[in-house]
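# Understanding the architecture of this molecule
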Amino acid sequence: MSPDPALPRIPARLAGAEPGGAPPPAPPPAPPSAPPPVAARARPAPRPGRILLWTFGLLAILFLLAPVLAVLPLSFSAGSFLHYPLPGLSLRWYADFWNSDFWLPALWNSLRVGAGAALLAGALGTLAAFGLWRGRFRGQAVVMAVLLAPMVVPAIIVAVALLLFFGPLGLTNSFTGLILGHAALGAPFVVVTVLAALQQFDPVQLRAAAACGASPLRAFWRVCLPQIMPGVAAGAVFAFATSLDEVAVALFIAGPAQRTLPRQMFSGLNDSISLTIMAAAMVLVLISGLLLLAVTLLRRAR
Amino acid sequence: MTAQKQGMNRMAEPLVRFEGVRKAYGAAASGYAVQRLDLDVEKGELLTLLGPSGSGKTTTLMLLAGFEMPSEGRILLGGRDIARLPPHKRGIGVVFQSYALFPHMSVAENVAFSLEVRGVPKPERARRVERALSMVRLETFGERRPAQLSGGQQQRIALARAMVFEPPIVLLDEPLGALDKALREEMQYEIRSLHQRLGLTMMYVTHDQQEALTLSDRIAVFEGGRIRQLAPPRRLYEQPENAFVAGFVGENNRLPGTVRSHPEGEGRDRAIRVMLDGGTEVLARPVDAGAPGSRCVVAVRPERVAVAAILASEMGEDALSARLAEVIFQGDHVRLRLSLGDGAEVVAKRPVGGGMMPEPGTLVSVAWDPAHAHAFAAGG
Ligand SMILES: Nc1ncnc2c1ncn2[C@@H]1O[C@H](COP(=O)(O)OP(=O)(O)O)[C@@H](O)[C@H]1O
Ligand SMILES: [Mg+2]
C-alpha cells in the first residue's frame, strides 16, 4: 500500500508563511478526502451531476485497484505459471510462504521494523508538531520544510544519504539503522496529522492547566495529548504503512538479518518467479487493508 | 461589611502589589498595553478592573497569573516578588472567559485536577471536590462531561476548579461575558455570595459597569493602560474624579460651559459658578475644572435632575427652562427627554407613579442640587 492518506491541511502560518524562508515542499497531492457523498435515499432520480461524480469516482478507484485485482488471484493458482486462466484453485503458495525460510522471517522483520518506526515517528513527530504549533520563532517555515522533506524527496536519495551517514556510525546492517531510516520517512505523516488535530485544541486549556499547578510537561501529558491522540495514532499508522512497503532504504541499509518483505519480493523477482511472491503480495495487501481500516476508525472516533 | 473589611486590613500588608508595572507587547515604541500600574489588592476584597475593550485589563490579570512578563516594575504576592515564578508555581486560581474546561475529563476530574497535581491523596481529593461542587450547587453533576452542561453550569465548574485548591487569590477574566443577561445577573449574585461566605480574595475583569457596581468592594477604572480612578462603587458613582470615569460609570448628562469663578465654600459645599452654553449660570462641584475663563463640562446624573411643571423663573436662580420633548416608559422608571433652548438635551429619570407627569410639549423647569453636579475640564 502506498500511504497517501487524505492529508489534513497544513496550517497556513506554517506552510510557507515566512517571507524569505525556503518554500516548504507541498505535500503530495491528496486524493479528495471526503468519501463519495452518499446519494440521498428518498430522491427518485439522482441529478446528472451526481451520476457523473459517481462514475468518475468509481473509474478512479478501478484505475488504482485494477492491477492489484488482476494479479492477486494468481496467488490462489494450482499451477506454477503467471498466466490466466488458472489451472485450478489451491493454497499451496500460501503454505509455501508459511514454511519458507526466505519469506516468513522477512514478514516478522517487516512487522518489527514497522512497529519500531511507527513508535519512534509517532513520538518524535508529535513533539515536533507540538513545538511548531506552540512556538513562534524565526525560521519556523524552514523547520517545517525540513521535517516534511522525506515526504517529497525521492526515497532513493534518502537511502543513499542514510547509507553514507550511517556507514561510519556502524548503523548499516542493523535493525536500529533501518528503524531510524523508516522513522524519518514516516515522521512527516505524524507531523501533519498531529498539526491537524492541534487545530481543534484550545490552547487556553494549557493556561488553565498551568493555573491548576501543572508543569508544562504535565499539562501536555494530561491535557493536550489525550485530546490529540487520534491524530497521533493515525500518523503512527501511516508511518507503519510507509515502512511496510519501503524498498529503497531497506535495500541499502538492511543486512541479511534485516531483510523485509518488500525487499525479499524485489530479490525474489530477480531469481526465479515462483508464485509464492503472489502470496507474499497478498499478505502485504491484507495488512495494508487492516491499517486503512484502523485509520478510518480513528477518524470516526474523533 | 465592605468598610469594616477594609478597616481591618488597612494595617496589614496587601496580598498583591503592583509596583510601577509597565507592559509592552513587542517593541516599547509601539506603545504600552499597561502604562504604569501601582495597585494594591487587599486580602479578602473583590477588586474589579473595569474599562473599555483594549484598556489593559486582561493584560494586568495575565501579568499577575504569570502568563505575561512585565517590561518594567515588580509584582509582589504576599510580599514576595514573583517575577521569576512560572505560572504553575504561583498557586493562583484563574477563571477564563472561554471556561477552558478539559473536555476529555469528567466534571469531577476537572475540579480534581489541581489536587491531583499537588499529590493530594484520593479520599481527600474526592471530599474536597464534592465540597467545591456543592459550593457551586452542582454536586450531582460530577460524572458528566463538560459538553453536557449549559454555559452557566460550565462557568460554575470553572469557578469550582479555580477555588478547590484554596488559592490566596482567584482571577476572573470577564467570566460572565458569554452568558445571557438573566443568567449573568444570577451568576453575579452567586459570585458575590461565594466571595463573602468564603472570604475569597478576587480580582475580577469586566467591561460592564453595572456588573462592576453590583459585585465589587473596589473598582479600578482603566483607560488606555492606566487606572483613572480606584474607589468603592458608591464613591466611584457619586464622586467621579474625571470626565472619563463620570462618562463610563453610569449615565450622565454632559452640559458644556465656561468656568466663571474660583471655588468658594468648604467640603461638600465647595462650588464654582459655570456659565452653560445655553446662557444659564449654574453652581457645580469642581472636580478638575480649570481657572475662570476655561472650558468645562458639567455632568449630572439623570436621577438627580428634578423636573417641575412651573416656569424656571419661579423655581429659583439655578433652574433651567426646558421643553419636555418625550416621555419614555421603561418599566420600573420613566425617562424624560428635555430640550434646553440652545439645542442641548437633558435626560431625567423618574420612578413610575411619581406624581403628575407633564404632557410632552409643555414648558417645564429643570434643576439639581449643586452637590451632584460635577464640573470637569473639557476634553478630559
Ligand atoms: N498578545 C498580545 N500581543 C500584542 N498586543 C496585545 C496582546 N494582548 C493584548 N494586546 C494589546 O494590548 C492592549 C490591551 O489589551 P487587553 O489587556 O487585552 O485589554 P482588555 O482586556 O482591557 O480588553 C490592546 O491594545 C491589545 O491590542
Ligand atoms: Mg480582555
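Residues numbered from 1 in each chain as written. Chains lettered and ligands numbered in written order. Predicted model: local features only at pLDDT ≥ 70, side-chain atom pairs only at ≥ 80, totals over all residues. Heavy atoms only, no water.

## What about a nonpolar patch on the surface?
All names here are of chain A. Taken together, the side chains of Leu53, Trp54, Leu58, Ile61, Phe63, Leu64, Leu65 and Leu69 present a nonpolar region at the surface, about 850 Å² in accessible area. You can see Leu65 is positioned in helix α1 (residues 48-71). Residue Leu65 is classed as partly exposed on the basis of its relative accessible area, which comes to 42%. (Patch = residues over 30% accessible without salt bridge, like charges linked within 9 Å, V, L, I, M, F, W, Y side chains within 5 Å. Areas by Shrake-Rupley, 256 points an atom, 1.4 Å probe, with all protein chains shown as cover. Salt bridge = Lys/Arg side-chain N within 4 Å of Asp/Glu carboxyl O. Helix = DSSP H or I, 4+ residues; strand = E, 2+ residues; numbered from the N terminus. Buried < 20%, exposed > 50% of the residue type's maximum accessible area, 1.4 Å probe, protein only.)

## Description of the interface of chain A and chain B
The interface is formed by 18 residues belonging to chain A together with 22 residues belonging to chain B. Regarding the contact of chain A and chain B, the summed buried area is about 1,800 Å², with carbon and sulfur atoms giving 64% of it. Counting across the interface, chain A meets chain B through 4 residue pairs in polar contact (both at pLDDT 80 or more). Listing elements by their share of the side of chain A that touches chain B, those giving two or more residues are α7 (204-211) and α8 (216-244) of chain A. Sort the elements by how many residues they give to the side of chain A that touches chain B and α7(A) lands first, with 7 residues. A per-class count over the side of chain A that touches chain B returns 10 nonpolar, 4 polar and 4 charged. (Contact = heavy atoms within 4.5 Å. Buried area = accessible area lost by both parts, 1.4 Å probe. Polar contact = N/O pair within 3.5 Å; in protein donor to acceptor, adjacent residues only side chain to side chain. Nonpolar A, V, L, I, M, F, W, Y, C, P; charged D, E, K, R; others polar.)

## Notes on helix α5 (residues 155-169) of chain A
All names here are of chain A. The end-to-end C-alpha separation of α5 is 21 Å, in line with the 21 Å expected for 15 residues at 1.5 Å each. Within α5, the full set of buried residues consists of Val158, Ala159, Leu162 and Phe166. Residues of α5 that are buried make contact with α6 (175-199) and α9 (248-253). Phi for Gly170, located one or two positions after α5, is positive at around 75°. (Expected span 1.5 Å × (residues − 1).)

## Description of the nonpolar core
Membership of the largest hydrophobic core comes to 99 residues, with the highest contact counts inside it found for B:Leu64, B:Ile169 and B:Met203. With 14 residues, α8(A) is the largest single contributor of residues to this core. By size, the runner-up hydrophobic cluster in this structure holds 36 residues, among which are B:Val111, B:Leu138, B:Phe165 and B:Met187. (Core = buried A, V, L, I, M, F, W, Y, C linked by side-chain atoms within 4.5 Å.)

## Examining the side chain of B:Arg218
Residue and element names in this part refer to chain B. Mapped onto the secondary structure, Arg218 falls in strand β9 (residues 218-223). From its side chain, Arg218 meets the backbone oxygen of Asp40 in a polar contact 2.8 Å long. A polar contact is formed between the side chain of Arg218 and the side chain of Glu45, at a distance of 2.8 Å.

## Describing the domain arrangement of chain A
Residues and elements named next belong to chain A. Domain boundaries assigned for chain A yield domain 1 (47-90) and domain 2 (101-301). Placing a centre on the C-alpha atoms of domain 1 and another on those of domain 2 gives a separation of 29 Å. Taken together, the contact between domain 1 and domain 2 spans 10 residues of the former and 7 residues of the latter. Counting the surface lost from both domain 1 and domain 2, the interface buries some 670 Å², and carbon and sulfur atoms represent 87% of this. Interface area lost by domain 1 to domain 2 is led by Leu72, Ser75 and Leu82, which between them contribute 61%. Counting the contacts that link domain 1 with domain 2 gives 0 salt bridges. (Domains from an automatic or database assignment.)

## Structural notes on the sheet that holds strand β12 (residues 272-276) of chain B
Within a sheet, each strand pairs with its neighbour through backbone hydrogen bonds, oriented either parallel or antiparallel. An order of β11-β12-β13-β20-β14 (chain B) is seen for the 5 strands of this closed barrel, with the pairing classed as mixed. Put simply, the sheet's adjacent strands are angled 55° from each other on average, direction ignored. (Pairing = 2+ DSSP bridges. Axes fitted to C-alpha atoms, helices over the stretch in contact; angles between N-to-C directions.)

## Re the sheet that holds strand β4 (residues 72-77) of chain B
Residue and element names in this part refer to chain B. Ordered in space as β2-β1-β4-β5, the 4 strands form an open sheet in which the pairing is antiparallel. The two strands at the open ends of the sheet, each matched to only one other strand, are β2 (34-41) and β5 (80-81). One ladder, built from 5 bridges, connects strand β1 (residues 16-23) with β2; its direction is antiparallel. Note on β2: the bridge partner recorded for Val21 is Leu37. Against the sheet, helix α2 (residues 57-65) touches β1, β2 and β4, its axis set at about 120° to β1.

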